[in-house]
Amino acid sequence: MTDVDPLDELVAKLEDARMRLDEVELPDDAVAALEELQETARAISAEIDRRRRALADERGDGQLGLL
């Protein structure tokens, strides 16, 4: 059994929300889709930040280098 990368799951969720936004007809539905896109984008950003910190900790120098 293969573990699914949380970042891959978040990107898939972002893509799904974007596709739903393309299909909405009512303004309230568009707002809801945009809010989901925003929330998911924040989660992706947090995951990327978490990975950068983990890499810096792993390197032991506290530097992110070229990341």
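Anything mentioned here points back to the structure above.
All chains use their own residue numbering, which begins from 1 and follows the written sequence. With pLDDT at 70 or above as the cut-off, local features in this predicted model cover only qualifying residues; side-chain atom pairs require 80 or more to be listed or tallied, and sums for whole chains, interfaces and linings still use all residues. The side-chain quantities take in all heavy atoms of the structure and omit both hydrogens and water.

### A word on the overall build of the protein chain
Only DSSP runs of H or I covering at least 4 residues are called helices, and only runs of E covering at least 2 are called strands; the numbering of each starts at the N terminus. When helices and strands are counted, the protein chain shows 2 helices and 0 strands. Looking at the protein chain as a whole, 15% of its 67 residues are labelled buried. Accessible surface, the protein chain as shown: approximately 5400 Å² in total, 52% of it carbon and sulfur. We call a residue buried when its accessible area falls under 20% of the maximum for its residue type, exposed when it is over 50%, and partly exposed in between, using a 1.4 Å probe and counting protein chains only. Reported accessibility uses the Shrake-Rupley method at a 1.4 Å probe radius. Residues are deemed covered only where the shown protein chains occlude them.

### So, the packing of helix α1 (residues 6–23) against helix α2 (residues 27–59)
Axis angle and axis distance: for two packed helices, these are the angle between their axes and the distance between the axes, and together they describe the pair. Axis lines are fitted to C-alpha atoms, over the contacting stretch for helices. Their N-to-C directions set the angle, which ranges from 0 to 180 degrees. Where α1 meets α2, the closest approach of the two axes is 9 Å, and the angle between their N-to-C directions is 160 degrees. As judged from the angle between their axes, α1 and α2 are roughly antiparallel. The two elements α1 and α2 meet at a crossing, and its hand is left-handed. When residues are grouped by polarity, Ala, Val, Leu, Ile, Met, Phe, Trp, Tyr, Cys and Pro land in nonpolar, Asp, Glu, Lys and Arg in charged, and all others, Gly among them, in polar. Counted by class, the contact of α1 with α2 contains 15 nonpolar, 1 polar and 7 charged residues. Roughly parallel refers to an angle under 35 degrees, roughly antiparallel to one over 145, roughly perpendicular to one between 65 and 115, and oblique to any angle outside these ranges. Handedness of a crossing follows from how the near helix is turned relative to the far one, being left-handed for an anticlockwise turn of less than a right angle and right-handed for a clockwise one.

### Side note on α1
Expected span of a helix, by definition, is 1.5 Å for each gap between consecutive residues, and there is one gap fewer than residues. Here α1 spans 26 Å end to end across 18 residues, near enough to the 26 Å set by a 1.5 Å rise per residue. Buried residues along α1 sit against α2. A 3.5 Å cut-off defines polar contacts: any pair of N or O atoms within that distance qualifies, except that in protein one atom must be a possible hydrogen donor and the other a possible acceptor, and neighbouring residues in sequence count only when both atoms are side-chain atoms. Two to three positions downstream of the cap, the backbone nitrogen of Leu-7 sits 2.9 Å from a side-chain oxygen, assigning the N-cap of α1 to Asp-5. Here, two residues are considered to be in contact whenever any of their heavy atoms come within 4.5 Å of each other.

### Some thoughts on the environment of Ala-30
Position of Ala-30 relative to the elements: it lies in helix α2. Between the C-alpha atom of Ala-30 and that of Arg-20, which follows or precedes it by 10 residues, the distance is 8.5 Å. In this structure Ala-30 touches Leu-21 and Val-24, once residues within four positions along its chain are discounted.

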